[in-house]
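Working through the structure, step by step
So you can see what is in the structure, the chains are spelled out below.
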Amino acid sequence: MIWQLLRRDLSLLLPGGKSGGTLLPLLFFLAVAMLYPFAVGPDAPLLARTGGGVIWIAALLASILPLDRLIAPDLELGVFDQLALRGISDEAVIAVRITAHWLSFAPLLLFSALPAAALLGLEDGSVRLVMLGLLAGTPGLAAIGVMIAALTASLRGGAALSGLMLIPLAVPILIFGAGSLARGDASGIALCAAISLVLVAIAPFAGGAALRAARET
């Protein structure tokens, strides 16, 4: 049943999915990478020095775009109620949704980071750190996104509130992920991965509690 649920969630969240999954996060990510050199000017050392941070900020903002369709549509349709009646715990549902959310945006983001790094003139060592950092940090971003989407799904204006809540919670991931570029080593990436691991462990319980609260209102 869990695999069937994951397959359903992927069909909804992947680009071209039933609930309107699009390439918008990927296009937004690439647009930021393309426009930043025009804003800064043809200063190759400056672009190389700041480009990694720009990629991280673009990744964070791109992860916000699908928040409005992570939880709210299924909550309105009563999907979570039906899953609860079938004996599937809310925590398991949220864990599966986090996995599907990560698979729907992170691989595309990692793939698009390569042309973005080329546009920003990053060196090979910086590109490697950016890729490792995104691989370590995007699970945490996915966990935060689904958790906040569950917390705000039953609130009026929940979509806008979700984005405002995600940014400060994602700051530690951004600091350690982008900070590894300034240090030139992977120590920050290890901390970024640790934070992501904690978030992935906590998010199913917080999200499951939010679903139960929304069901009772």
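Residues numbered from 1 in each chain as written. Predicted model: local features only at pLDDT ≥ 70, side-chain atom pairs only at ≥ 80, totals over all residues. Heavy atoms only, no water.

Before going further, it helps to examine the overall build of the protein. Summing up its helical and strand segments, the protein has 9 helices and 0 strands in all. Mapped in sequence order, the helices and strands of the protein form the string α-α-α-α-α-α-α-α-α. By the compact-globule yardstick of 17 Å for 217 residues, the protein fits well, its C-alpha radius of gyration being 18 Å. Along the longest, intermediate and shortest principal axes, the C-alpha atoms of the protein span 60 × 30 × 30 Å. Within the protein, buried positions represent 46% of all 217 residues. Within the protein, contacts between residues at least 6 apart in sequence are counted, and of these 79% link residues at least 24 apart. Total accessible area computed for the protein in this model is approximately 10400 Å², and 71% of it derives from carbon and sulfur atoms. Of the charged side chains in the protein, 12 are positive and 12 negative, and the gap between their average positions amounts to 5 Å. (Helix = DSSP H or I, 4+ residues; strand = E, 2+ residues; numbered from the N terminus. Rg over C-alpha atoms; globule rule 2.2 N^0.38 Å. Buried < 20%, exposed > 50% of the residue type's maximum accessible area, 1.4 Å probe, protein only. Contact = heavy atoms within 4.5 Å. Areas by Shrake-Rupley, 256 points an atom, 1.4 Å probe, with all protein chains shown as cover. Lys, Arg positive; Asp, Glu negative; His and termini not counted. Charge placed at Lys NZ, Arg CZ, Asp CG, Glu CD.)

Below, the discussion takes up a nonpolar patch on the surface. Judged by side-chain polarity, Ile 57, Leu 61, Ile 167, Val 171, Ile 175, Phe 176 and Leu 191 come together as a nonpolar surface patch covering roughly 530 Å² of accessible area. Those elements that provide at least two residues to the nonpolar patch are helix H3 (44-64) and helix H8 (158-183). By residue number, the principal contributor to the nonpolar patch is H8, which donates 4 residues. With respect to the element layout, Ile 175 can be found in helix H8. (Patch = residues over 30% accessible without salt bridge, like charges linked within 9 Å, V, L, I, M, F, W, Y side chains within 5 Å. Salt bridge = Lys/Arg side-chain N within 4 Å of Asp/Glu carboxyl O.)

If charged atoms from side chains of opposite charge come close, those side chains can pair. Per the stated rule, a full pass over the model turns up 6 salt bridges. Residue Asp 9 pairs with Arg 8 through a salt bridge whose shortest N-O separation is 3.2 Å. A relative accessible area of 0% places Asp 9 in the buried class. A relative accessible area of 28% places Arg 8 in the partly exposed class.

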